[in-house]
Amino acid sequence: MRKLQISRRAVLAGATATAAATVVAFDPANLGWLTSADAAPGAIRVPDLDGELVVDEESRAEAADDYGHIVHRTPIAVLRPGSVRDIATIIRFANDHGLKVAMRGQGHSTYGQAQAGGGVVIDSRTLATIHRIGTGHAVVDAGVQWLDLIKATLAAGQTPPVATDYLGLSIGGTLSVGGIGGATSHYGLLVDNVLSLEVVTGTGEIVRCSPSVRPGLFHAVLGGLGQFAVIVRATVRLIPAATTARVYHLFYPDLASMTAAQRTALADRRFSYLEGQLAPTETGWSYMLEGVMYYTPPAEPDDDALIADLEPASTEIVDMPYFDWLNRIYDLVQQLMALRLPGPWINVFLPDEATDAYVTELLAETTPADAGGVVLLYPVSSGLLGQPFVRVPDSPVVFLLALLRAVSPPDEAETQRLIAVNRSQYDRAVAVGGTHYPVGAIPLTEPDWKTHYGDQWPAFRAAKRKYDPRNVLTPGQTIFR
Ligand SMILES: Cc1cc2nc3c(=O)[nH]c(=O)nc-3n(C[C@H](O)[C@H](O)[C@H](O)COP(=O)(O)OP(=O)(O)OC[C@H]3O[C@@H](n4cnc5c(N)ncnc54)[C@H](O)[C@@H]3O)c2cc1C
């Protein structure tokens, strides 16, 4: 793959333009983009687009940043697609001219996963139409945020079965990583609730796929970290929505009693939603099981039946509208984002039998500042997770442990220290049979990815060769270099 530089003419056009400068040609001699085709003999005209390909400084800087503010790889252009055809056109163009391409949803990765240094970033925000809300399904563009989809489905009395804790994420970005939330204990991941997809493969082919039509591609793309195709449209499953959420916060004196209660609650799926939080206190940590029942009055949950055998030390119960519950952290995240704090997150899946010992050791070495506030810890049944490239430990119950670190005030040395801590905590997780949920900031090598995919690695590599043979797509995941 050739290293490309943006042409001086294009940089000047970008730097001086108040509006985004639209690219019209590619200059193979100088390996850069041109904003005026006339001026460069031999320039290759960029095929006609319904949207725009821009090279201005601001657009490229935004595409070289994400929620983590740690990795910055600047693309030489940003595509704002006006159609699916635009995405296919640019991917084919990239194949022809040795460029890398990454789709960027909301850029909520923390370690450059949606970046394409020296390549083209496709900004999916211009592809954000909700096409149809039917009974039991919705057809949406990849750039739609879950927040907007859920508002629209609730107006029709329906909801996606599972939601992430934060709703300001794109459909395409979450379906490329997996998508986990409290209702995963009932319905699996977001990727387990997709009925069909429209994608553009690494060769620029627009393809529809589903469990029965091109199933190999369908299952590869869901949780495939953008390696095989760009998701442009998804048909996602909907179920009838309850109106109300009853939230149970059950507090425990120690980790072992909290995880024991979580295992009991997971086993009979008594809650509609099951998560858990560890929060630093003055003397150590607090341990809270978070269970939620979704219901529509006049029916009501039986509080005693739900919590008596979970034996919490104390309990808080509160009712709220279903939508308010799903959208509970949106405002907080918006406030945090404004601070632009480095976010060296780590998210790992642990096998049940290793969880208590691993987490105990990790908490002992984690200061409140290192944790970045709340630590999430909750179990899911791995039998509900059906996509082959979403890797979790080989255990019927696995726990997600998420340290959503934020470095405040921003400090480069501290950020790098925490990335090194992530690496060592990742190694320890792997040593006990764990995997990582790939949205965090862990420096990984190709052998690490091989370990991550385990017996699925040959299939993962074969899918790459089949659907993206020139390794054009999604370099920021650093799987294939
Ligand atoms: C505040 C916050 C809360 C979060 N909460 C949760 C949670 O509860 N559960 C959970 O599972 N995750 C959670 N995440 C992680 C989040 O799901 C991932 O970071 C997700 O990738 C972000 O979506 P995005 O639209 O920002 O994707 P981006 O960061 O833009 O992209 C992520 C990856 O997907 C690729 N990609 C993006 N769009 C497409 C597409 N259309 N087709 C193919 N590949 C694509 C990108 O190239 C990149 O590799 C959270 C993140 C944040 C910042």
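The structure this text deals with has already been given above.
Residues numbered from 1 in each chain as written. Predicted model: local features only at pLDDT ≥ 70, side-chain atom pairs only at ≥ 80, totals over all residues. Heavy atoms only, no water.

Chemist: Even after reading the chapter, I still don't get a nonpolar patch on the surface, so can you show me in this structure?
Modeler: The grouping of Leu332, Leu336 and Leu339 at the surface amounts to a nonpolar patch, some 270 Å² of accessible area in total. On the secondary structure map, leucine 332 appears in helix α11 (residues 330-339). Residue class for leucine 332 comes out partly exposed when judged on its relative accessible area of 49%. (Patch = residues over 30% accessible without salt bridge, like charges linked within 9 Å, V, L, I, M, F, W, Y side chains within 5 Å. Areas by Shrake-Rupley, 256 points an atom, 1.4 Å probe, with all protein chains shown as cover. Salt bridge = Lys/Arg side-chain N within 4 Å of Asp/Glu carboxyl O. Helix = DSSP H or I, 4+ residues; strand = E, 2+ residues; numbered from the N terminus. Buried < 20%, exposed > 50% of the residue type's maximum accessible area, 1.4 Å probe, protein only.)

Chemist: Sorry, what's going on with the site of the ligand here?
Modeler: Every one of the 33 residues lining the ligand counts as a neighbour, but Met103, Ser109, Ser170, Ser176 and Tyr437 are closest to it. At 2.6 Å, a side-chain N or O of tyrosine 437 approaches an oxygen atom of the ligand. One of the side-chain N or O atoms of glutamine 477 is found 2.9 Å from an oxygen atom in the ligand. Here the ligand, which alone exposes 940 Å², has 96% of that area covered by the protein. (Near = heavy atom within 4 Å. Polar contact = N/O pair within 3.5 Å; in protein donor to acceptor, adjacent residues only side chain to side chain.)

Chemist: Quick question: what am I supposed to make of the side chain of serine 381 here?
Modeler: Counting through the fold element by element, serine 381 comes out in strand β20 (residues 375-381). What makes serine 381 buried here is its relative accessible area of 18%.

Chemist: Before we go on, may I ask you to explain the nonpolar core in this structure?
Modeler: Across soluble globular proteins, nonpolar side chains have a tendency to be buried as a group. Trp33, Leu175 and Leu197 are the most contacted members of the largest nonpolar core, which totals 131 residues. At seven residues, the largest contribution of residues to this core is made by helix α3 (residues 84-97). Of all hydrophobic cores here, the second largest spans six residues; its members include Val54, Ala102, Ala116 and Val121. (Core = buried A, V, L, I, M, F, W, Y, C linked by side-chain atoms within 4.5 Å.)

Chemist: What is the right way to read the sheet that holds strand β3 (residues 44-45) from this model?
Modeler: Paired through backbone hydrogen bonds, the strands of a sheet run either parallel or antiparallel to each other. Strands sit in the order β2-β1-β3 across an open sheet of three strands; the sheet is antiparallel. Looking at which strands have only one partner, the edges of the open sheet turn out to be β2 (32-34) and β3. Bridge count for strand β1 (residues 25-27) against β2 is three bridges, and the pairing is antiparallel. Following the sheet pairing, aspartate 27 is matched in β2 by glycine 32. (Pairing = 2+ DSSP bridges.)

Chemist: Sorry if this is basic, but what is going on with unusual backbone geometry here?
Modeler: Residues other than glycine predominantly adopt negative phi, and peptide bonds predominantly adopt the trans conformation. At the junction of proline 297 and proline 298, the peptide bond is cis and its omega measures out at 15° in the coordinates. Relative to the elements of secondary structure, proline 298 occurs in the loop between β17 (285-295) and α9 (303-307). A cis amide bond, omega 0°, links serine 408 with the succeeding residue proline 409. Relative to the elements of secondary structure, proline 409 occurs in the loop between β21 (397-403) and α14 (412-431). Its identity is not glycine, yet histidine 69 carries a phi of approximately 50°, on the positive side. Inspection of the secondary structure puts histidine 69 in the loop between α2 (57-63) and β5 (77-80). In this structure histidine 69 comes out as buried when scored by relative accessible area, which is 19%. Within the chain, arginine 214 stands out as a residue other than glycine whose phi angle is a positive 45°. Within the secondary structure layout, arginine 214 lies in the loop between β12 (206-209) and α7 (215-221).

Chemist: Which parts of the structure should I look at to understand the pattern of salt bridges?
Modeler: Any two side chains of opposite charge can pair, so long as their charged atoms come close to each other. One pass over the structure, following the stated rule, counts 25 salt bridges. The salt bridge involving glutamate 205 is made with arginine 214; its shortest N-O contact spans 3.6 Å. Look at glutamate 205 and you get partly exposed, because its relative accessible area is 39%. In this structure, the salt-bridge partner of aspartate 309 is arginine 270, at a minimum N-O distance of 2.6 Å. With a gap of 39 residues between them, aspartate 309 in the loop between α9 and β18 (314-321) and arginine 270 in the loop between α8 (255-267) and β16 (273-280) connect regions that are remote in the sequence. According to the relative accessible area criterion, arginine 270 is buried, its value standing at 13%. Linked by salt bridges that have partners in common, Arg246, Glu300, Asp303 and Asp319 make up one network.

Chemist: Is there a simple way to think about α3 in this case?
Modeler: Each turn of an α-helix holds 3.6 residues, which means side chains three or four residues apart point in the same direction. Compared with an ideal rise of 1.5 Å per residue, which puts 14 residues at 20 Å, α3 spans 20 Å between its outermost C-alpha atoms and is within 8% of the ideal. For α3, a buried count of eleven out of 14 residues is recorded, marking the element as mostly surrounded by other parts of the structure. Every buried residue of α3 is listed here: Val84, Asp86, Ile87, Ala88, Thr89, Ile90, Ile91, Phe93, Ala94, Asn95 and His97. Of the residues trailing α3, glycine 98 is marked for its positive phi of about 65°. (Expected span 1.5 Å × (residues − 1).)

Chemist: Explanation requested: the environment of leucine 350 in the structure shown.
Modeler: Mapped onto the elements, leucine 350 comes out in strand β19 (residues 346-351). Here the alpha-carbon distance between leucine 350 and leucine 377, two residues 27 residues apart in the chain, equals 10.0 Å. In contact with leucine 350, not counting residues within four places along its chain, are Thr355, Tyr358, Val359, Pro393, Val397, Val398, Phe399, Leu401, Ala429 and Val432. (Contact = heavy atoms within 4.5 Å.)

Chemist: Quick question: what am I supposed to make of the packing of aromatic side chains here?
Modeler: What characterises a pair of aromatic rings is the spacing of the ring centres plus the angle enclosed by the ring planes. Applying the stated rule across the entire model yields 17 aromatic pairs. Ring geometry for tyrosine 67 and tryptophan 345: centres 5.5 Å apart, planes at 70°, overall edge-to-face. Of the two residues, tyrosine 67 sits in the loop between α2 and β5 while tryptophan 345 sits in the loop between α11 and β19, which places them 278 residues apart along the sequence. For the residue pair tyrosine 67 and tryptophan 345, the accessibility class agrees, reading buried in each case. Between phenylalanine 228 and phenylalanine 460 the ring centres are 5.0 Å apart and the planes differ by 70°, which places this aromatic pair in the edge-to-face class. Here phenylalanine 228, found in the loop between α7 and β13 (229-237), pairs with phenylalanine 460, found in helix α16 (residues 457-467); they are 232 residues apart in sequence, far enough to count as distant. Note on accessibility: phenylalanine 228 and phenylalanine 460 belong to one class, buried. Ring-pair connections join several aromatic residues into one group, and the members of that group are Phe228, Phe389, Trp449, Tyr453, Trp457, Phe460 and Phe480. When the ring centre of tryptophan 325 is taken as origin, the NZ or CZ atom of arginine 328, which lies over that ring, is 3.9 Å away. (Phe/Tyr/Trp six-rings, centres within 6.5 Å; stacked < 30°, edge-to-face > 60°. Lys NZ or Arg CZ within 6 Å of the ring centre and 35° of its normal.)

Chemist: Which parts of the structure should I look at to understand the environment of aspartate 468?
Modeler: Note on placement: aspartate 468 falls in the segment after α16. Relative accessible area serves as the criterion here: at 1%, aspartate 468 is assigned to the buried category. Distance from aspartate 468 to glutamine 227, taken between C-alpha atoms, is 7.3 Å for residues 241 residues apart in sequence. When neighbours within four sequence positions are excluded, aspartate 468 is seen to be in contact with Gly202, Gln227, Phe228, Ala463 and Leu473.

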